[in-house]
Amino acid sequence: MDISKKIVLPGEEIDLNGMKQGNGIYHENGKYYAYQLGMLQVYNNYVNLIQLSGKYYPVKNDRVIGKVIDIAPSFWILDIKGPYPGFLHINDTPWKSGSGELSKILGTGDTVFAKVNEITESKQIWLSLKDAGLRKLEGGHIVTVQPTKVSRIIGKAGSMVNMIKEMTNVKIQLGQNGIVWLDGEPDRVLQVIKILKIIEEEAHTSGLTDRVKKILEDMR
Amino acid sequence: MSRSADEIVYGLKREYLEKISNGGIRIDGRKFDEFRNIRINTNFVTRAEGSADVRLGNTRVLVGVKVEVGEPFPDTPNSGILTTNAELIPMASPTFESGPPNEDSIELARVVDRTIRESKMIDLDKLVITPGEKVWVVFVDIHVLDYDGNLIDASALGAIAALLETKVPGSKVQQEDTPLPINHVPVMITQIKIGSNLFVDPSLEEEEVATTRISIATDEAGNIVAMQKGLSGTLTHAEVFKAVDTSIEIGKDIRKRVFGR
């Protein structure tokens, strides 16, 4: 029986059909069970569980969008919707702390597009702005989506997000942590927000890119 | 007091909402004077004398009414008692904390209480069992189950819908069960100011970036029966009058549409 795309409940027994145990699956007394609510996927003879919902868990080199929630003497504390806050040190930014006042560079409530530079043993998350495309975000609007659905919004090699960008002329910056920055004509931005909702709800279905394309064409 | 991450608003969201409002657009595509979808399910709690489950968009409020026998206050021996209480439970929003009631829940309860009391919605003088000794006490309890903005209007709608269906349990004192004596049906309309524009029924996103809030309750005759201004911003003369006109107009529509009166 083909088990890929099967939706499983937490604790549900999974028959691996001789394949290997991948992510999101545990075994007990020789049997395999699902950790979370999710969909099974077969890849290279491994069965993985793709979770349908959940909180963001940072991984090194992820691109995330963070909001400054506090300022320390030499670094900013950012909310990245993860289990712990992210820290951004002044040395990991293109700016110089000449005046010594960090709040003049980034104040509380400011938004940055950053990457996860390092996760220490004690789970401190250090962010960095030193890479191509990373910056302080200005103008535009912020919406949140489920972090697990971000890869679906991007699509295969960016097919989905590029199509939305092209058809609506809205600038889109996606954070792996489920925060999305949008900038463009107000009514176009509203359309993109609607599209993101649709993708989020129908992420597990196939042929989504074509359907989204049709919806976008109808909206024009 | 340090604020939690959820209470800090994205600075660019504030700018964006202000910018698009100047172009006549709200972030969810509504018109400036458009309410979200209102759904009310009355008699939701069978053990209460009256109750209502209200959904205003994604905001959800449960209101329960209990009517019990009590002693009147010494200065009003010939009238019943109305008590309103509001509870913001942590399940409704990441920014709600458990513990004793905070400023927001006290304000919510007081504004709803004022709407009912000052509009003379309930005829408290008819709620006397034995003058000076026994009267009916009406408890209105508001539970916020899901917070997506505009708790004041949702709670007021719920309280009024629940009171309209409330039965006075006369059988407890060897009398007949009767409906609660109702005189008027007030409707509360809340507006917020973003930039220089006034919006009715703010969503959570709009409430977060608003500078000023004004809630106005009106009755059938278009009289203002309660008013509350919130947040630190200001309103001009003209804006206050405009807000009053909007409240009367939308209040009439909602009274007809939701309460059929």
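Residues numbered from 1 in each chain as written. Chains lettered and ligands numbered in written order. Predicted model: local features only at pLDDT ≥ 70, side-chain atom pairs only at ≥ 80, totals over all residues.

## Thoughts on the overall build of chain A
Move 1: For chain A, the helix and strand inventory stands at four helices and 16 strands.
Move 2: Taken along its principal axes, the extent of the C-alpha atoms in chain A is 65 × 50 × 25 Å.
Move 3: Within chain A, the proportion of its 220 residues that are buried is 31%.
Move 4: Contacts in chain A between residues at least 24 apart in sequence constitute 57% of all its contacts with a sequence separation of at least 6. (Helix = DSSP H or I, 4+ residues; strand = E, 2+ residues; numbered from the N terminus. Buried ≥ 20, exposed ≤ 12 C-beta atoms within 10 Å, placed from the backbone. Contact = placed C-beta atoms within 7 Å.)

## A closer look at the domain arrangement of chain A
Residues and elements named next belong to chain A.
Move 1: One can read the domain layout of chain A as domain 1 (7–51), domain 2 (63–137) and domain 3 (141–219).
Move 2: The gap between the C-alpha centroids of domain 2 and domain 3 is 26 Å.
Move 3: Contacts between the two partners involve nine residues from domain 2, matched on the other side by eight residues from domain 3.
Move 4: Broken down by secondary-structure element, the contributors of at least two residues to the side of domain 2 that touches domain 3 are strand S8 (63–71) and strand S11 (111–119).
Move 5: When the residues that make up the side of domain 2 that touches domain 3 are grouped by side-chain class, the tally is five nonpolar, two polar and two charged. (Domains from an automatic or database assignment. Nonpolar A, V, L, I, M, F, W, Y, C, P; charged D, E, K, R; others polar.)

## With respect to the environment of Gly 66 of chain A
Residue and element names in this part refer to chain A.
Move 1: The topology assignment puts Gly 66 in strand S8.
Move 2: The class of Gly 66 is buried, set by 29 C-beta atoms lying within 10 Å.
Move 3: Note: C-alpha distance between Gly 66 and Leu 127 (61 residues apart in sequence) is 9.5 Å.
Move 4: Contact partners of Gly 66, with chain neighbours within four places excluded, come to Leu 78, Asp 79, Ile 80, Gly 86, Val 112, Ala 114 and Leu 127.

## Side note on the nonpolar core
Move 1: Residues Val 54, Val 63, Val 112, Ile 142, Ala 159 and Leu 163 of chain B are the most contacted members of the largest nonpolar core, which totals 104 residues.
Move 2: A per-element tally of this core places helix H3 (residues 151–164) of chain B first, with 10 residues.
Move 3: Built from parts of two domains, this core gets at least three residues from each of domain 2 (63–137) and domain 3 (141–219) of chain A.
Move 4: Not counting residues up to four positions away in its chain, the partners in contact with Val 112 of chain B are Thr 84, Ala 86, Ile 142, Ser 155, Ala 156 and Ala 159 of chain B.
Move 5: Ranked by size, the runner-up nonpolar core spans seven residues in total, among them Ile 25, Ala 34, Leu 40 and Leu 49 of chain A. (Core = buried A, V, L, I, M, F, W, Y, C linked by C-beta atoms within 7 Å.)

## Remarks on helix H5 (residues 237–259) of chain B
Residues and elements named next belong to chain B.
Move 1: With 23 residues, H5 ought to run about 33 Å at 1.5 Å a step, and its terminal C-alpha atoms sit 32 Å apart, in line with that.
Move 2: All of the buried residues along H5 are Ala 243, Ser 247, Ile 250 and Gly 251.
Move 3: Buried residues along H5 sit against strand S9 (187–194), strand S10 (197–200) and strand S11 (212–218).
Move 4: Looking one or two places after H5, you find Gly 260, whose phi comes out positive at around 65 degrees. (Expected span 1.5 Å × (residues − 1).)

## Observations regarding the confidence of the model for chain B
Move 1: Per-residue confidence for chain B averages 92 on the pLDDT scale, and 99% of its residues sit at or above 70.
Move 2: Scoring of the predicted complex yields 0.85 for pTM and 0.77 for ipTM. (pLDDT = per-residue confidence, 0-100.)

## A look at the sheet that holds strand S16 (residues 179–183) of chain A
By way of backbone hydrogen bonds, the strands of a sheet pair with one another, either parallel or antiparallel.
Residues and elements named next belong to chain A.
Move 1: Taken in spatial order, the three strands of this open sheet run S14-S16-S15, and their pairing is antiparallel. With partners counted over all chains shown, the strands left at the sheet margins are strand S14 (141–144) and strand S15 (171–174), one partner each. Pairs of neighbouring strands in the sheet enclose a mean axial angle of 25 degrees, with direction left out of account.
Move 2: Relative to S16, S14 runs antiparallel, the two sharing four bridges. Across the sheet, His 141 pairs through a bridge with Leu 182, a residue of S16. (Pairing = 2+ DSSP bridges. Axes fitted to C-alpha atoms, helices over the stretch in contact; angles between N-to-C directions.)

## With respect to the sheet that holds S11 of chain B
All names here are of chain B.
Move 1: Read across the open sheet, the four strands follow the order S10-S9-S11-S12; overall the sheet is antiparallel. One side of each edge strand has no neighbouring strand; the edge strands of this open sheet are S10 and strand S12 (224–230). Adjacent strand axes in the sheet meet at a mean angle of 20 degrees when their direction is disregarded.
Move 2: Sheet topology note: the S9/S10 ladder contains four bridges and is antiparallel.

## Some words on H3 of chain B
Move 1: Between its first and last C-alpha, H3 of chain B extends 20 Å over 14 residues, near the 20 Å set by a 1.5 Å rise per residue.
Move 2: For H3 of chain B, a buried count of 13 out of 14 residues is recorded, marking the element as mostly surrounded by other parts of the structure.

## Quick notes on the packing of helix H2 (residues 159–168) of chain A against helix H4 (residues 208–219) of chain A
Residues and elements named next belong to chain A.
Move 1: Between H2 and H4, the least distance of the axes is 10 Å, while the angle of their chain directions is 10 degrees. Here H2 lies roughly parallel to H4, going by the angle between them. Packed against H2, whose contacting residues are Ser 159, Met 160, Met 163, Met 167 and Thr 168, the element H4 presents Thr 209, Val 212, Lys 213 and Leu 216 at the interface. (Parallel < 35°, antiparallel > 145°, perpendicular 65-115°, else oblique.)

## Observations regarding the pairing of strand S2 (residues 50–56) of chain B
Residue and element names in this part refer to chain B.
Move 1: With seven of its seven residues buried, S2 lies for the most part within the structure.
Move 2: The sheet contact formed by strand S1 (residues 38–42) and S2 spans five bridges and is antiparallel. Looking at the pairing, Asn 41 lines up with Asp 53 of S2.
Move 3: Summarising the sheet, S2 and strand S3 (residues 59–70) pair through seven bridges and their orientation is antiparallel. Counted as the bridge partner of Ser 51 is Gly 64 from S3.

## Considering the pairing of S9 of chain B
Residues and elements named next belong to chain B.
Move 1: Counting buried residues along S9, eight of its eight residues qualify, which places the element largely inside the surrounding structure.
Move 2: Because side chains alternate across S9, one face comprises the buried residues Val 187, Ile 189, Gln 191 and Lys 193, and the other comprises Met 188, Thr 190, Ile 192 and Ile 194, equally buried.
Move 3: In the sheet, S9 pairs with S11 via seven bridges, with the strands oriented antiparallel. Counted as the bridge partner of Met 188 is Ala 217 from S11.
Move 4: Turn length for the S9-S10 hairpin, with the two strands adjacent in sequence and antiparallel, is two residues, and the turn residue Gly 195 shows positive phi of about 65 degrees.

## A closer look at unusual backbone geometry
Move 1: Positive phi is not limited to glycine here, since Asn 169 of chain A has a value of about 65 degrees.
Move 2: Topologically, Asn 169 of chain A is positioned in the loop between H2 and S15.
Move 3: For Asn 169 of chain A, a count of 11 C-beta atoms within 10 Å puts it in the exposed group.
Move 4: One non-glycine residue, Gln 174 of chain B, lies in the positive phi region at around 55 degrees.

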